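Summary of structural features
Residue strings, one per chain:
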Amino acid sequence: MKAVYTWSAILAIVFASVVGDVLLARAMKQVGDVGALWRRAGLGMVVGRTMGNPNFLFGVTAMAVAFFSLLFALSWGDVSLVAPAAASLTFIGNAVAARIFLHEKVDRRRWIAASLVAAGVALLAG
Amino acid sequence: MNVRKYLVLAGVTVFAAAGDSMLSHGMKQTGSISVHHLRGVIFAVLNPWVAVGILLLLAFFAAYMTALSWADLTYVLPATSLGYVLLALVARFVLHEHVSPLRWLGIVLITGGVGFVAGGPSLTEHHAALPHAEHTEDGNEPLAVATAKAPLLAKDTRNGAPQVGVTGKL
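Residues numbered from 1 in each chain as written. Chains lettered and ligands numbered in written order. Predicted model: local features only at pLDDT ≥ 70, side-chain atom pairs only at ≥ 80, totals over all residues.

Here we look at the overall build of chain A
A count of helices and strands for chain A gives 6 helices and 0 strands. The secondary structure elements of chain A, listed N-terminal to C-terminal, are α-α-α-α-α-α. For chain A, the C-alpha atoms occupy an extent of roughly 55 × 35 × 20 Å along the three principal directions. (Helix = DSSP H or I, 4+ residues; strand = E, 2+ residues; numbered from the N terminus.)

Let's talk about the overall build of chain B
Scanning chain B from N- to C-terminus turns up 8 helices and 0 strands. Secondary structure elements of chain B, listed N to C terminal, follow the sequence α-α-α-α-α-α-α-α. Sequence separation of at least 24 residues holds for 68% of the intrachain contacts in chain B that already meet a minimum separation of 6. (Contact = placed C-beta atoms within 7 Å.)

Observations concerning the interface of chain A and chain B
Of the residues lining the interface, 45 residues belong to chain A; the matching set on chain B comes to 41 residues. For the side of chain A that touches chain B, the elements supplying multiple residues, two or more each, are helix H1 (2-31), helix H2 (34-41), helix H4 (54-76), helix H5 (79-101) and helix H6 (108-123) of chain A. In the side of chain A that touches chain B, the residues fall into 27 nonpolar, 11 polar and 7 charged. (Nonpolar A, V, L, I, M, F, W, Y, C, P; charged D, E, K, R; others polar.)

Brief notes about the environment of B:Leu23
All names here are of chain B. Structurally, the position occupied by Leu23 is in helix H1 (residues 3-30). Among the residues examined, Leu23 registers 25 C-beta atoms within 10 Å and is labelled buried. Spatially, the C-alpha atoms of Leu23 and Val41 are 13 Å apart, while their sequence positions differ by 18 residues. What Leu23 contacts, discounting residues up to four positions off in sequence, is Val50 and Gly53. (Buried ≥ 20, exposed ≤ 12 C-beta atoms within 10 Å, placed from the backbone.)

Considering the packing of H1(A) against H4(A)
Residues and elements named next belong to chain A. H4 packs onto H1 with a crossing angle of 160 degrees between their chain directions and a minimal axis gap of 7 Å. It follows from the interaxial angle that H1 and H4 lie roughly antiparallel. Here the hand of the crossing between H1 and H4 comes out left-handed. Looking at side-chain class alone, the contact of H1 with H4 contains 20 nonpolar, 7 polar and 2 charged residues. (Axes fitted to C-alpha atoms, helices over the stretch in contact; angles between N-to-C directions. Parallel < 35°, antiparallel > 145°, perpendicular 65-115°, else oblique. Left-handed = near helix turned anticlockwise from the far one by under 90°.)

Regarding helix H5 (residues 82-93) of chain B
For an α-helix the count is 3.6 residues per turn, leaving residues at separations of three or four pointing the same way. Compared with an ideal rise of 1.5 Å per residue, which puts 12 residues at 16 Å, H5(B) spans 16 Å between its outermost C-alpha atoms and is within 8% of the ideal. What H5(B) keeps buried is the set B:Leu82, B:Gly83, B:Tyr84, B:Val85 and B:Ala88. Here the buried face of H5(B) lies against H6 of chain A together with H1 and helix H6 (101-118) of chain B. (Expected span 1.5 Å × (residues − 1).)

Regarding the nonpolar core
If you look at the biggest cluster of nonpolar residues, it comprises 79 residues, and the most contacted ones within it are A:Ile13, A:Ala73, A:Ala86, B:Val12, B:Ala67, B:Leu68 and B:Ile110. The leading source of residues in this core is H1(A), at 14 residues. Contact partners of B:Leu68, with chain neighbours within four places excluded, come to A:Leu24, A:Ala25, A:Met28, B:Leu73 and B:Val76. (Core = buried A, V, L, I, M, F, W, Y, C linked by C-beta atoms within 7 Å.)

Considering the environment of A:Val82
Residues and elements named next belong to chain A. If you trace the backbone, Val82 turns up in helix H5. Considering only alpha carbons, one finds Val82 and Leu70, 12 residues apart in sequence, at a separation of 7.9 Å. When sequence neighbours within four positions are dropped, the list of residues in contact with Val82 reads Thr6, Ile10, Ala73, Leu74 and Gly77.

Notes on H6(A)
With 16 residues, H6(A) extends 22 Å between its outermost C-alpha atoms, agreeing within 8% with the 22 Å of an ideal straight helix rising 1.5 Å per residue. Inspection of H6(A) places A:Arg110, A:Ala113, A:Ala114, A:Leu116, A:Val117, A:Ala118, A:Gly120, A:Val121 and A:Leu123 among the buried residues, and these make up the whole buried set. As for H6(A), its buried residues are in contact with H5 of chain A together with helix H4 (73-79), H5 and H6 of chain B.

What to know about the confidence of the model for chain B
For any part of a model where pLDDT is low, the fine detail of the predicted coordinates should not be relied upon. Residues and elements named next belong to chain B. Confidence along chain B averages 74 in pLDDT terms, with 68% of residues attaining 70 or more. At the level of individual helices and strands, chain B shows its lowest average pLDDT in helix H8 (residues 143-169), which scores 42, and its highest in helix H3 (residues 48-70), which scores 92. Low pLDDT, under 50, characterises residues 132-170; the stretch is placed with 24 contacts to residues that sit more than four places away or in other chains. (pLDDT = per-residue confidence, 0-100.)

Next up, the structure:
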C-alpha cells in the first residue's frame, strides 16, 4: 500500500513539475534576457516584470504543488527511489512538453541527451 | 554563450545539488509526514537543515529562471543534470560511501547526455528572432506573435466569404 502512495506522489511530482517548467520557461522567454534587462533597467525591473507575468505565477504554483508532493513522497518512500524516478520521468515529460507547447526544436541531439540523462538518473537509484 | 552564462548554469547545478541533499538530510531527522498530521510540514520547515536547503533552492530558482530567459528548456535541463553526478562524487569521495558499478554507469550516461546537448545550439532560432524583451510590458504574448496571427485570421475570413457567396447563389 505504501508503494501505491509513493508512486502516486511520484506521478504527481512529475505532472506538476512538467506543467511548472513549461510555464516558467514561457514566462522567462516573455521577460527576455535577464542579464541584458538588469543592465538596461535595473534589478527592480527584472523582479517586477517576472513577478507580474501570469505564466510565472501559475508556474510557481505548479512548482509548489510539485514540492509538497515531493515532501509527501519522501516521507513514504526512500529518497533513492523517489528522487531518481521523479527526475528521470520529468526529463522525458519535459522534452515532449517543450516540443508541443514551447515549439522548441527538440532534434535528435536533444532526444539523445534527454534519454541518456533520464537513463543515467534512473541508474543512480541502483 | 559566454562565461557569465556558463557560470549561471554552474550555479543552477551546484545550488540544486546542495539544496536537495540538505533537504533530504533534514527530512530524515523530521520523520514521516502523513495526510492526517499536516502540522508535520510546518515543523519540517523549522528544521535548520530544511531551512538552509530551502534557501539554497531559492538561489537555484533565481539561477534557473535566469538561464531560462536566454536558453531552451530542453537545453537547460540536461545541461544542469551534472548535479546528480556531483552528488554521487560527493557521496564517494567526501562521505566515503560505496558507489556501485551501475551508479558509475549512470554517471557516465548523464555526462554523455550533457556532452550531447552542450555541443548543440542553446536556443531554438524562432525564439531568438522574437523581439520578446521589448513587447512584454504586460506579460502577454510578444507582439510579433499577435501580429503573426492577425493575417492568418484575415485570410481565413477572406477564404470563408466566397464560400458563403457560392452557397448563397445555389
